[in-house]
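The chain contents come next:
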Amino acid sequence: MQTIELNQVRKSYDKFVAVNDLSFNIPQGAVFGLLGPNGAGKTSTIRMMIGITVPDSGNISLFGKPFERKSLHKVGYLPEERGLYKKMKILDQLIFLGELHGLSSSVARQKALEWTKRLEIDAWLQKKVEELSKGMQQKIQFIAALLHDPDFIIMDEPFFGLDPVNATLLKDVMLDLKKQGKTILFSTHRMDQVEKLCDAICLINKGTAVLQGDLKSIKSGYGKSNVQIEYEGNGDFLNKSPLVSACNNYGNYAEIKLAPGADAQTLLREAAASARINRFELMEPSLEEIFINTVGKTNA
Amino acid sequence: MHNILIIAKREYLERVRSRSFVIMTFLIPALMFGVSVVPTLLMNRGTGETKHMVVVTADRDTGELIRSRIEQRQDEEKSGSDADTTGDKKRSLPPTHFAVEISTDTSDANHTALTQQVKDKKLDGFLWAPPDAIASRKLAFVTNDTSSFIENGVLGASVSDALRRSALKSKGLKLDEIEAALQPVEVDPQSPLGKDAPNPQIMFFATFGMVMVLYMTVLLYGINVMRSILEEKTSRIMEVMLSTASAKEMMAGKILGVGAVGLTQVGIWALTAGILSAGTLVATAGMLKNVLSIKLLVFFGIYFLLGYILYSALCAAIGSMVNSEQEAQQLQFVVMMPLILSIIVIVNIFQHPSSSMAFWGSIFPFTAPLVMFTRIAMQTPPAWQIGLSIGLMIVTIYVLVWLCGRIYRVGILMYGKKPNLPEIMKWIKYA
């Protein structure tokens, strides 16, 4: 079953077309990346998915049915613009948001206790939001989106402003949710952060999808033209070789983009001739590269 | 509906628990007391001292007459205030006593001399009443206390009284004839309903009291609704809430929640006031019973609640349009104007209860709560008019909530930008 289907969805504000006949669908249990540069229309798309705005044309179906507000009780949303009631105590706030999502107050309280324990923030339950650090507020917001055990989780820039420890904590939770069969949508312009999590992506630019589909097949379509080398000794050969079109050299580790038509094996022989090679690995291009490549092309 | 209640509950609890609510509950009555009672006390203050004054007239007779009137008036004032304010200590401060001297020297030199004495505070004042001044009916009272107008008013009344008597006396009337001619006549308005009709004065005050309660509540708490919606915009939480509740539900919840806070506070005040003045209330209960029928109280409840919700919704609409407190304050006149208009119409209705102004004022939703209530208290209008005004108010409330839900939803999604009127119109159209 498709968790959500967008069909030729369009939204414009005045003359500015924010989302231009966008179509994609996310199957149940998938982790989906909605990617694009700033101002591409990601947030506008999400707002239509959860009924904050209504599309000018096209249609959206949620959980296999045409959009209805009732379905929103099964959706968890972490907006890009984070916000909580500053003067309200954490526990009260979570119970309130849980109730709005259809939980009874006692269930909401119990879930809030479970989640705060899991995210190691339970000591702060009786504090007001304004007393918390930014990172802690992020966690509370995260809990607020997950409290009612939604089947479909939408996260707009989820890792924004998190330190590595908390980012890992959050990533583990997401992986766990994926295991439980939840559908997850990430929206971000930071590709590196979601690359390892996503099954499928839709890359949008200026409101139009420029690249979409299964992440593996997209990557394999680009071929393996990247090489990572760990070496000891003289790395000058990297700069001289006609086989290398671009190179990031960190001293004894380098990331290399092969020139068109170049053979990686030839490069390996050249490298071995001038330095001691500890590792030599052929890589798929990173999502970021694909992104820059694709968006760069459409902008040009 | 469920969402509205959850949102209203949160608003209510968070506010009632807050420190500022507790402070306001005590502070406002103290402030009201300060603003209304203290100045009255100050104005009514009699210092108990004796003020020396000189009355300058051409003939001693007129001077004596003025003196006797001033002294007599003082005695009346004293006994009068003793009689009707037993137990009310604020009023029973001793009044100022005038010691009056008479001078028949109307020369300019005497005027200058007396002025100098007043300047030097050797004399508290003098009344300059030469024949030409009396003829022009305008006397000068030179004093340092030009601002203590209650005293000066008493003085003025005494002097005119004295001069009237003096004029009649000069026409050869006897003293008892003068007294009889000057006896005031009382006109007592009587309703054709006879004894069952409410005392018009008490009715006036009861109605006006209720009108003021409504006016103050709207003023105090409507503004709170506006502020609470502004707060929401700055807290940025609404995007999470909008993902489950509709903008209309949010608005309705806020209006109800913040509104209930206002009712709670007014309730606390009313209860306290009721307990404190229980004795007086029992004493006046008999009089009030004629005016405050159950019917009137029910209508007060209906019009108070509807008016309150209507104005709160209007404030909500303003709150949803603006981005900052300053902008909101600029638009507060939109709320104030119909309230002030209502008061003007009501004053008119007391004079002409069945004018067409009264009719339209009681139908127009924004003036209806105050105006229609006044009309009901004065003489019950036809049922269809009452029904129409209630119906129109409910429709207006619904439209306002719907409207500001729309403005709010689009407005919050375009933060930072100050909208102008055409833009707001466009927001309303955006789905």
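Residues numbered from 1 in each chain as written. Chains lettered and ligands numbered in written order. Predicted model: local features only at pLDDT ≥ 70, side-chain atom pairs only at ≥ 80, totals over all residues.

The subject of this paragraph is the overall build of chain A. Along chain A, the regular secondary structure elements total 10 helices and 14 strands. By principal-axis analysis of the C-alpha atoms, chain A measures approximately 70 × 45 × 35 Å. Per-residue burial for chain A yields a buried fraction of 35% across its 300 residues. (Helix = DSSP H or I, 4+ residues; strand = E, 2+ residues; numbered from the N terminus. Buried ≥ 20, exposed ≤ 12 C-beta atoms within 10 Å, placed from the backbone.)

Taken together, the contact pairs 22 residues of chain A with 16 residues of chain B. At the level of secondary structure, the elements contributing two or more residues to the side of chain A that touches chain B comprise strand E6 (75–78) and helix H2 (90–100) of chain A. Broken down by element, the side of chain A that touches chain B gets its largest block of residues, four residues, from H2 of chain A. Of the residues contributing to the side of chain A that touches chain B, the split by class is 14 nonpolar, three polar and five charged. (Contact = placed C-beta atoms within 7 Å. Nonpolar A, V, L, I, M, F, W, Y, C, P; charged D, E, K, R; others polar.)

This part takes up the environment of threonine 272 of chain B. As for its placement among the helices and strands, threonine 272 of chain B is situated in helix H10 (residues 247–276). Placed 55 residues apart in sequence, threonine 272 of chain B and threonine 217 of chain B show a C-alpha to C-alpha distance of 17 Å.

Examined at the domain level, chain A breaks down into domain 1 (2–216) and domain 2 (224–283). Distance from the C-alpha centre of domain 1 of chain A to the C-alpha centre of domain 2 of chain A: 41 Å. (Domains from an automatic or database assignment.)

Right, let's get into unusual backbone geometry. Residue and element names in this part refer to chain A. Its identity as a non-glycine residue notwithstanding, phenylalanine 63 has a phi of 50°, on the positive side. Mapped onto the elements of the fold, phenylalanine 63 is located in the loop between strand E4 (57–62) and strand E5 (65–66). One non-glycine residue, glutamate 120, lies in positive phi territory at about 55°. With respect to the element layout, glutamate 120 can be found in the loop between helix H3 (105–118) and helix H4 (134–146).

Right, let's talk about the sheet that holds E4 of chain A for a bit. Pairing between sheet strands relies on hydrogen bonds along the backbone, with the strands arranged either parallel or antiparallel. Residues and elements named next belong to chain A. Sheet architecture is open: four strands sit in the order E2-E1-E4-E5, paired in antiparallel fashion. In the strand order of this sheet, the two ends are held by strand E2 (16–27) and E5, each with one partner. Bridge count between E4 and E5: two bridges; the pairing is antiparallel. Considered in E5, the bridge of leucine 62 is made with lysine 65. (Pairing = 2+ DSSP bridges.)

Attention shifts here to helix H1 (residues 42–49) of chain A. One turn of an α-helix holds 3.6 residues; hence residues three or four places apart share an orientation. Residues and elements named next belong to chain A. Most of H1 is tucked away: eight of the eight residues are buried. Every buried residue of H1 is listed here: Lys42, Thr43, Ser44, Thr45, Ile46, Arg47, Met48 and Met49. Looking one or two places after H1, you find glycine 51, whose phi comes out positive at around 75°.

Of all hydrophobic cores here, the largest spans 124 residues; its most connected members are Ile154 of chain A together with Ile255, Ala313 and Ala316 of chain B. For this core, the element with the highest residue contribution is helix H12 (residues 294–321) of chain B, accounting for 15 residues. Other than its neighbours up to four places away in sequence, alanine 313 of chain B contacts Ile255, Ile397, Leu400, Val401 and Cys404 of chain B. Counting residues in each nonpolar core, the second largest holds 17 residues, with Val56, Leu114, Ala129 and Leu139 of chain B among its members. (Core = buried A, V, L, I, M, F, W, Y, C linked by C-beta atoms within 7 Å.)

Now for the packing of H10 of chain B against H12 of chain B. All names here are of chain B. Direction vectors running N to C along H10 and H12 enclose 125°, while the axes themselves pass 10 Å from each other. For the element pair H10 / H12, the angle class is oblique. Crossing hand, H10 versus H12: right-handed. Here Met251, Lys254, Ile255 and Gly259 of H10 come into contact with H12, specifically with Tyr308, Ile309, Ser312, Ala313 and Ala316. Looking at side-chain class alone, the contact of H10 with H12 contains six nonpolar, two polar and one charged residues. (Axes fitted to C-alpha atoms, helices over the stretch in contact; angles between N-to-C directions. Parallel < 35°, antiparallel > 145°, perpendicular 65-115°, else oblique. Left-handed = near helix turned anticlockwise from the far one by under 90°.)

Residues and elements named next belong to chain B. In contact at an axis separation of 9 Å, H12 and helix H16 (residues 368–378) are set at 170° when each is read in the N-to-C sense. The pairing of H12 with H16 is recorded here as roughly antiparallel in orientation. In contact with Leu296, Phe299, Phe300, Tyr303, Leu306, Gly307 and Leu310 of H12, H16 contributes Pro369, Leu370, Met372, Phe373, Ile376 and Ala377. Partitioning the contact of H12 with H16 into residue classes produces 12 nonpolar, one polar and no charged.

All names here are of chain A. Pairing is mixed across the open sheet formed by six strands, whose spatial order is E6-E7-E8-E3-E9-E10. Each having just a single partner strand, E6 and strand E10 (208–214) make up the two edges of the open sheet. Across the sheet, the mean angle separating the axes of adjacent strands is 15° when strand polarity is ignored. Across the sheet, H1 touches strand E3 (31–35), strand E7 (152–156), strand E8 (183–188) and strand E9 (200–205), and the angle it forms with E7 is around 150°.

We now examine the environment of lysine 219 of chain A. Residues and elements named next belong to chain A. With respect to the helices, strands and loops of the structure, lysine 219 is situated in helix H7 (residues 215–221). Residue classification places lysine 219 among the partly exposed residues on the basis of 18 C-beta atoms within 10 Å. Along the backbone, lysine 219 and alanine 145 are 74 residues apart, and their C-alpha atoms lie at a distance of 31 Å. Contact partners of lysine 219, with chain neighbours within four places excluded, come to Glu284 and Pro285.

What follows deals with the pairing of E3 of chain A. Regular strands have side chains that alternate between both faces of the sheet. Residues and elements named next belong to chain A. Of all five residues that make up E3, five are buried, and the element is covered over most of its length. Residues Val31, Gly33 and Leu35 point to one face of E3 and Phe32 and Leu34 to the other, with burial holding for every one of them. With five bridges connecting them, E3 and E8 associate as parallel partners. Within E8, the residue paired with valine 31 across the bridge is isoleucine 184. Of the pairings in the sheet, the one linking E3 to E9 comprises four bridges and is parallel in character. Bridge assignment links leucine 35 to a residue of E9, and that residue is leucine 203.

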